[in-house]
Amino acid sequence: MSSTPWFWIVVVAVVVLVAVLVAGLLIARRRRISLDESKAADVVEKPKGGGYTATGGIALAPGGEKTEEPAHPVEERPETDGQPAVGDDASVPRDSAQRTVRDVELPEPAEPAETSAPEPEPEPAPVPAEEIAPATGRLERLRGRLGKSRSVFGQSLLGLLGAGDLDEDSWQDVEDTLLMADLGAATTTEIVERLREELKRRAVRTSEEARTVLQEVLTSALSTDAVRAVRALPHTVDGKKQPAVVLVAGVNGTGKTTTTGKLARVLVAQGSTVVLGAADTFRAAAADQLQTWAERVGAEVVRGKEGADPAAVAFDAVKRGTEAGVDAVLVDTAGRLHTKTGLMDELGKVKRVVEKQAKVDEVLLVLDATTGQNGLMQARVFSEVIDVTGIVLTKLDGTAKGGIVFQVQRELGVPVKLVGLGEGPDDLAPFEPGAFVEALLSS
Ligand SMILES: Nc1nc2c(ncn2[C@@H]2O[C@H](COP(=O)(O)OP(=O)(O)OP(=O)(O)O)[C@@H](O)[C@H]2O)c(=O)[nH]1
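Residues numbered from 1 in each chain as written. Predicted model: local features only at pLDDT ≥ 70, side-chain atom pairs only at ≥ 80, totals over all residues.

Colleague: How should the site of the ligand be read in this particular structure?
Modeller: Of all residues adjacent to the ligand, which total 23 residues, the nearest are N252, G255, T257, T258 and G420. Contributing elements (two or more residues each) for the shell around the ligand: α8 (256-269) and α9 (284-297). For the shell around the ligand, the element with the most residues is α8, which contributes three residues. Considering only residue class, the shell around the ligand consists of two nonpolar, 13 polar and eight charged. (Near = placed C-beta within 6 Å. Helix = DSSP H or I, 4+ residues; strand = E, 2+ residues; numbered from the N terminus. Nonpolar A, V, L, I, M, F, W, Y, C, P; charged D, E, K, R; others polar.)

Colleague: Whenever I open this one, the pairing of strand β8 (residues 300-303) confuses me. Can you help?
Modeller: Within a regular strand, side chains alternate between the sheet's two faces. Along β8, one buried face is formed by E300 and V302 and the opposite face, lined by V301 and R303, is buried too. The pairing of strand β7 (residues 274-279) with β8 spans four bridges and is classified as parallel. By the bridge assignment for β8, A278 is matched with R303. For the crossover that starts at β7, traverses α9 and ends in the parallel β8, the hand is right-handed. (Buried ≥ 20, exposed ≤ 12 C-beta atoms within 10 Å, placed from the backbone. Pairing = 2+ DSSP bridges. Right-handed = clockwise from strand over helix to strand, strands pointing away.)

Colleague: For this particular structure, what's the right way to read the packing of α8 against α9?
Modeller: A pair of packed helices can be characterised by two numbers: the angle between their axes and the separation between those axes. Closest axis-to-axis distance for the α8/α9 pair is 9 Å, and the angle between their directions is 15°. Taken as axis vectors, α8 and α9 run roughly parallel relative to one another. Crossing of α8 over α9 shows right-handed handedness. Residue-level contacts link T257, T260, G261, A264, R265 and V268 of α8 to A286, Q289, L290, W293 and V297 of α9. (Axes fitted to C-alpha atoms, helices over the stretch in contact; angles between N-to-C directions. Parallel < 35°, antiparallel > 145°, perpendicular 65-115°, else oblique. Left-handed = near helix turned anticlockwise from the far one by under 90°. Contact = placed C-beta atoms within 7 Å.)

Colleague: Mind showing me how you'd approach the environment of R196 here?
Modeller: With respect to the secondary-structure elements, R196 resides in helix α6 (residues 185-201). You can call R196 partly exposed: it has 13 C-beta atoms within 10 Å. For R196 and G304, which are 108 residues apart along the polypeptide, the C-alpha to C-alpha distance reads 56 Å.

Colleague: Explanation requested: helix α5 (residues 168-180) in the structure shown.
Modeller: Residue pairs three or four apart in sequence face the same way in an α-helix, which turns once every 3.6 residues. Under the 1.5 Å per step criterion, the end-to-end length of α5 is 18 Å for 13 residues, consistent within 8% with the ideal 18 Å. Those residues of α5 that fall on the buried side of the exposure criterion are V174, T177 and L178. The buried residues of α5 all sit within an arc of 95° when viewed along its axis, so they share a single face. Opposite the packed face of α5, turned more than 90 degrees from it, sit the exposed residues E168, D169 and Q172. (Expected span 1.5 Å × (residues − 1). Arc of directions from axis to C-beta.)

Colleague: Which parts of the structure should I look at to understand the nonpolar core?
Modeller: When a protein is soluble and globular, its nonpolar side chains tend to lie buried together. In this structure, L276, A314 and L393 are the most contacted members of the largest nonpolar core, which totals 99 residues. Looking at this core element by element, the count peaks at seven residues for helix α10 (residues 310-324). Ignoring any residue separated from it by four or fewer positions in sequence, one finds A314 in contact with G277, A279, V331, V350, V353 and V354. (Core = buried A, V, L, I, M, F, W, Y, C linked by C-beta atoms within 7 Å.)

In short, shape yes, function no, at least from these values alone.
As structure tokens, then:
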């Protein structure tokens, strides 16, 4: 056999081999995502000066009959280890003067005036001392307030996920980043599992695609069927106007009074009339603070003397609000958490007493985002004591741990309804999962 056919067979084989190798290299290169590429993509993707920009104003709903929301018994909650037991201290009071919780007789419904507390002192509603910014302007001004929360969380996650096929060490880094941002063990595990699944299922190859998946997974982890509107609008009972009754609860220093004032401002700006109840009678300054808010926004305040029975003050605030035909009564409660039993006595009683004349439509639990796990433990105690219907997460402007939102909502089974993004009177925003995640991931 002549050597020529063999020569051509060898040439063809070599050409085919080279072609296969080149094609393989090209495909492999396309599939690899470098950190440089992710950075380049980020430069294009990052919204300029982007921050938390809720798309709408704070949603409000009438009180009265609630729509059925999913039951979330404490036994079914994850991460229930380490809950403070009865008698555990939950926080250090801001001021030293304290009074111990004592048993006080509940006022009879027919004779509310016979409470053991001093007579409350209704104040006439003053004219608003300041012009209240409209909701749209307010939201715009909140841009960038999540600054500190964003950098750690979003950038390290995007850096990791944008780096291509992740090995186990890199997944461990993703997990650590989520844990450091205060998402908690259960939420972190769930999110990592979903990220792994989605990246694989969608054969994610670019950092841009990874960003989309991350955004979707985080947003869906924050989504809930529960209503986020604050039930602060009046409703009708037996043909008579009934103000919405909102209790604001939380440990001292979390921002209850400030939140009550900010919420009153939102309501007044929308044309509602409001009575504020200063049921935090442990600290004289708390009632003064609320009174200042009332003067600023043009609301009436009902307060008792220092040491008065908080339940009696709350009762009288609701009574006054009903008689005056206002739209909403916001009751600022005391949050001293010396003992779970004490809190149960106080807060439970406030609610029971108020409900002798009107249904409580909303119980907002105010949590300080900067306290991380401690805040979460407080939340567990409160949710056992009182039927919390919404969370207000304050001081998100001052923490790198915005991830606490995920954990709080998951553990309590109650939606985060509002977020506090500063000390200013208009620094209260509605909580929107999509906008929040967008702010976390941008830089
Ligand atoms: N940075 C920041 N500070 C806030 C926010 N909300 C409240 N604060 C500040 O937190 C401090 C405590 O707020 P208060 O409203 O007095 O807290 P409280 O829960 O009523 O406290 P007690 O009356 O002691 O029970 C104040 O200095 C507020 O200005 C927020 O969203 N961001």
